[in-house]
Amino acid sequence: MVDPNLQDIVNFERKKPDVYGNAHPKNLLRAIVEDGEYLEKLTNQHIYSADQLDCHTLLQLFRLAAKYEANPGRFSASLQGQILISAFYEPSTRTRLSFESAWHRLGGDIMSITDRSTTGIAKGESLSDVAEMFNNYGDCVVLRDSNEESVKEMMDTLRIPIINAGNGLDEHPTQALADIYTIFKWRPELIAAQPENPIDICIIGMPSKMRTVRSLLKLIAIFSSAFKSVTIVANEQENTVFSPEQKEQLTEQGIKVNVTSSFADSVKRADVIYINAIAWEGDTFKEYGSKYVLSDQTELKQDAIILHPLARGEELCTSLDKTHHNWYFAQARGAVFLRQALLTCLVRRAERVLDIV
Amino acid sequence: MVDPNLQDIVNFERKKPDVYGNAHPKNLLRAIVEDGEYLEKLTNQHIYSADQLDCHTLLQLFRLAAKYEANPGRFSASLQGQILISAFYEPSTRTRLSFESAWHRLGGDIMSITDRSTTGIAKGESLSDVAEMFNNYGDCVVLRDSNEESVKEMMDTLRIPIINAGNGLDEHPTQALADIYTIFKWRPELIAAQPENPIDICIIGMPSKMRTVRSLLKLIAIFSSAFKSVTIVANEQENTVFSPEQKEQLTEQGIKVNVTSSFADSVKRADVIYINAIAWEGDTFKEYGSKYVLSDQTELKQDAIILHPLARGEELCTSLDKTHHNWYFAQARGAVFLRQALLTCLVRRAERVLDIV
Amino acid sequence: MVDPNLQDIVNFERKKPDVYGNAHPKNLLRAIVEDGEYLEKLTNQHIYSADQLDCHTLLQLFRLAAKYEANPGRFSASLQGQILISAFYEPSTRTRLSFESAWHRLGGDIMSITDRSTTGIAKGESLSDVAEMFNNYGDCVVLRDSNEESVKEMMDTLRIPIINAGNGLDEHPTQALADIYTIFKWRPELIAAQPENPIDICIIGMPSKMRTVRSLLKLIAIFSSAFKSVTIVANEQENTVFSPEQKEQLTEQGIKVNVTSSFADSVKRADVIYINAIAWEGDTFKEYGSKYVLSDQTELKQDAIILHPLARGEELCTSLDKTHHNWYFAQARGAVFLRQALLTCLVRRAERVLDIV
């Protein structure tokens, strides 16, 4: 006779809760006409900065991500025979598993390096030589390193594509791509050249110190028509809030930029609230804005959505998880498909998944 | 001209030595009629405790394990497209490779986490958020953690199945399942409702301190008809030998329970001798009962078999390896097939391997 | 509008530069007649020492490697269903990725152990028990350990093949196989029983301290007809330069052996220059011969080629990378195919790739 209390503890549901909202990619799929020619650009570029792709190429990428998300099991042989070198010299499980899951789902193989000290770098080997080694062993590289320059040094020698998965404080382009992908799934009409109702986004974080925010602001500038204003909520002086050019990149595109420490005032006006508290700096992480807390008691617009790159701490209260504002889980889920789309194009397998090649 | 001494050193045999006894699963396969409906229960449960399944479900699991063991190469595509998240936060190679081998043999993909410090947990991320991440990245989780509560905290949020591969001092259910599977392969008649010759099992170990023993005693209670007596050989006071309820769970089922420090007397009367000396406690391991040594000089019943979850130290002498008492290698080998059976059912792929679905 | 400077940084070429010389394996493929019977020997041997195979078997291995290198994508299912246990107890990324890439390219699965402290060895488990565990979980083992005896202890119990990927200061046989494979691709006529123009090889390294050199000298002795002389350039006394028998193994075969500290004089006369500066000793590495530097300013024979097992430091200047002397990248690339050939034979899959079985 099995203990009924135990049954309660061990039983689980597979069905996703409703908090994913209408995160289904169908509407975005319909909103973008497939045009694979733009994806050709992705066959000879490393993915280093959120700045490097134009909005047409990005929309095709989002469409391909939406296609993957709408048909999770269909393309399971797309990357067959391809080897990913997953190099995470800075600790990470979330981003590493996101990339590795994306690659596995499409049938590829993976070699992981999670300990920088096991590499020849410990013996004084140059990153150029490490790159030449990768040329012989794999088809694609994903790299995270607290050293900002590593990815650039390797890009010089690599003849296979590399994705920057976070280089020091600099950038984390695929995270930002996933963020914008999520926003467009939520409101596909924002992809128009002149959207009727551009949105106000409130970012609780430090643009100068968080690579996720740095990359995100660049993409906001590229899709400037979709955004009316960007409000940074930070407890710091404005001159430390932004790195050089960060603010100008937005204002040049006609986006209104505010910096304030008024948390409550800002979040209640925002259509999208993006929150992040942790910046990983070198060997350790630092928390910013620890007095800001989003919870189900926070006054928000009726239809506002919340994004967070995760991992989260106390700044994003679990009381919001079961509300319709929760799009941060959909964001994490969509990131896998966004990475699938990007990886497929980089290793020249897009022809296996596009309708028109 | 190649050095003949070198030839001696480098040549090897592939044939398994006879010490595996008649560990072939054929007899167990014949003894249990397939009834896949019981395995349906395994499609929405986490595997946390040896207590949670009834004997009918367990027998079907053993039958499926025996089917796999009798046909090692046949079902190599059963888990195609499925991703296992192999999270071993407490050091282990044996159990990790056992699960990973099981999953690979059935055609699945694996993502490994072997360093707790690389996870968001190091940044203060909740286990609930880690579980939500796993929901998006994989299809099944195996977790070992010296923190006893981790698996339970994750079970709350997981929408994919998790197997407890060892949580602190608490349980290690699949090890115990492998132990009982081995006993039933040895004597299939013991699965009967009322076996003619129930056995005496002697356990050299600490039920209160060893999760392998804790889980094993629970399964002995479930298959109580097969066991006449359980003798614990320990060099401790009885009140420290058992955790609360451990002894009662057996005596309630009519099994005679003894505690003694008389090693020689106990082992010479036992049909099955189960021995373990190491308990992994937090960061380090502790040895118990180091004065107990089983060797080919130990007086044993003619047909007695020895089980050990391995790794072993001096308590189980290698002089026994080539004797017919050695069923501990068969136990390790069978554990892979037992895990294959369990994993297949958990990710709802049983229909690919059962005769009647 | 995308920043053109950024475009320069992120664009890359896939085409291999010319420095690979005529490293295409075609000529070697034509020079050796396929005779798979010799490869039968590789179905029941561990690969421990460069000494253990005769030249006929080695030539067939090289031919199979050349076949793989000439047709990289063709045999991608050869190792399907096979599991490699990749155990690197001594830090390495290069050799580990080389083996893992080789195995993945042929469709096999991999389980990695990169941290010795997670194994039962930390609990005092014997290597014999670890080997027995491997027998149950995988089909082939690759092992690197700073402990010289580990591989031998495991070989006793293993019933699946193991490749020594570096045991302390002792040997690294597959590296040497890759070195000779590279030399024969460069000059296929050297495989003849009596080559017209045997070569002079100059080794800048320490035969007594570098396992790569130790293994290489053994293979040079096996293919002694191809070599006129071996010159060791070292800044040490001759009695420390060689281990016992190392020099004799060469001179017995009629090869002239010199030891000198005259770097410039030696390299300008050599047909092949093999250079290595780092020996990994236990927990740390030691540099030898740090005053020797090969650069594009070094006087070399017109057609001389340079080999280096990599990782390299300042001893091999990057100014040589774009010259036709650079065969060290081809060496690294070819090593993957050499390992593919060896692994295929060890796990008895050669019949899938040979023309005549």
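Analysis parameters
- Residues numbered from 1 in each chain as written.
- Chains lettered and ligands numbered in written order.
- Predicted model: local features only at pLDDT ≥ 70, side-chain atom pairs only at ≥ 80, totals over all residues.
- Heavy atoms only, no water.
- UniProt positions renumbered as here; feature names shortened; annotations may be inferred.
- Least-squares fit on C-alpha atoms with pLDDT ≥ 70 in both.
- Phe/Tyr/Trp six-rings, centres within 6.5 Å; stacked < 30°, edge-to-face > 60°.
- Helix = DSSP H or I, 4+ residues; strand = E, 2+ residues; numbered from the N terminus.
- Lys NZ or Arg CZ within 6 Å of the ring centre and 35° of its normal.
- Salt bridge = Lys/Arg side-chain N within 4 Å of Asp/Glu carboxyl O.
- Buried < 20%, exposed > 50% of the residue type's maximum accessible area, 1.4 Å probe, protein only.
- Contact = heavy atoms within 4.5 Å.
- Buried area = accessible area lost by both parts, 1.4 Å probe.
- Polar contact = N/O pair within 3.5 Å; in protein donor to acceptor, adjacent residues only side chain to side chain.
- Nonpolar A, V, L, I, M, F, W, Y, C, P; charged D, E, K, R; others polar.

As recorded in an unreviewed UniProt entry, chain A goes by Aspartate carbamoyltransferase and comes from Thalassotalea insulae. UniProt, in its Sequence similarities (unreviewed entry) section for chain A, records the words "Belongs to the aspartate/ornithine carbamoyltransferase superfamily."

**Student:** If you had to explain the relation of the copies chain C and chain B to someone new, which residues and values would you point to?
**Tutor:** Least-squares fitting of chain C to chain B yields an RMSD of 0.0 Å, with the transformation described by 0.0 Å of translation along the axis and a rotation of 120°. Both chain copies can therefore be described as sitting about a three-fold axis. It is Asp109 of chain C whose C-alpha, among those of chain C, lies nearest the rotation axis, at 5.0 Å.

**Student:** Could you give an account of the packing of aromatic side chains, naming the residues involved and the relevant values?
**Tutor:** Applying the stated criterion to the full structure yields 21 aromatic pairs over all chains. Relative to Phe223 of chain A, the ring of Phe62 of chain A has its centre 6.1 Å away and its plane inclined at 35°; by these criteria the two rings are tilted. Taken together, the residues Phe62 of chain A in helix α3 (residues 55-70) and Phe223 of chain A in the loop between α8 (211-222) and β6 (227-233) connect sequence positions 161 residues apart. Taken together, the aromatic side chains of Phe62, Tyr181, Phe184 and Phe223 of chain A make up a single cluster linked through ring pairs. Taking NZ or CZ as reference, Arg339 of chain B lies 4.6 Å from the ring centre of Phe99 of chain B, over its face.

**Student:** For the pattern of salt bridges, give the residues involved together with the corresponding values.
**Tutor:** For the structure on display, the rule yields 60 salt bridges over all chains. A salt bridge links Asp54 of chain B to Lys41 of chain B; the nearest nitrogen and oxygen atoms lie 3.3 Å apart. Taken as a pair, Asp54 of chain B in the loop between α2 (26-31) and α3 (55-70) and Lys41 of chain B in the loop between α2 and α3 lie far apart in primary sequence, 13 residues in all. The class of Lys41 of chain B is partly exposed, set by a relative accessible area of 36%. A salt bridge links Asp265 of chain C to Lys268 of chain C, with the shortest nitrogen-to-oxygen separation between them at 3.6 Å. Exposure remark for Lys268 of chain C: the relative accessible area of 32% places this residue in the partly exposed category. Several salt bridges converge on common partners, so that one network encompasses Glu34, Arg63, Lys67 and Asp355 of chain A.

**Student:** Describe the interface of chain C and chain B, and please don't skip the residues or the numbers.
**Tutor:** Every contact between the two is made by 41 residues of chain C and, on the other side, 33 residues of chain B. Taken together, the two surfaces of chain C and chain B that pack against each other cover about 3,300 Å², and 55% of this comes from carbon and sulfur. For the interface between chain C and chain B, the tally reads three salt bridges. Notably, a salt bridge pairs Asp129 of chain C with Arg312 of chain B, separated by 2.5 Å at the nearest N-O pair. The interface formed by chain C and chain B contains eleven residue pairs in polar contact (both at pLDDT 80 or more). Contributions of two or more residues to the side of chain C that touches chain B are made by β1 (83-88), β2 (109-113) and α5 (127-137) of chain C. Among the residues making up the side of chain C that touches chain B, the classes are represented as 17 nonpolar, 14 polar and ten charged.

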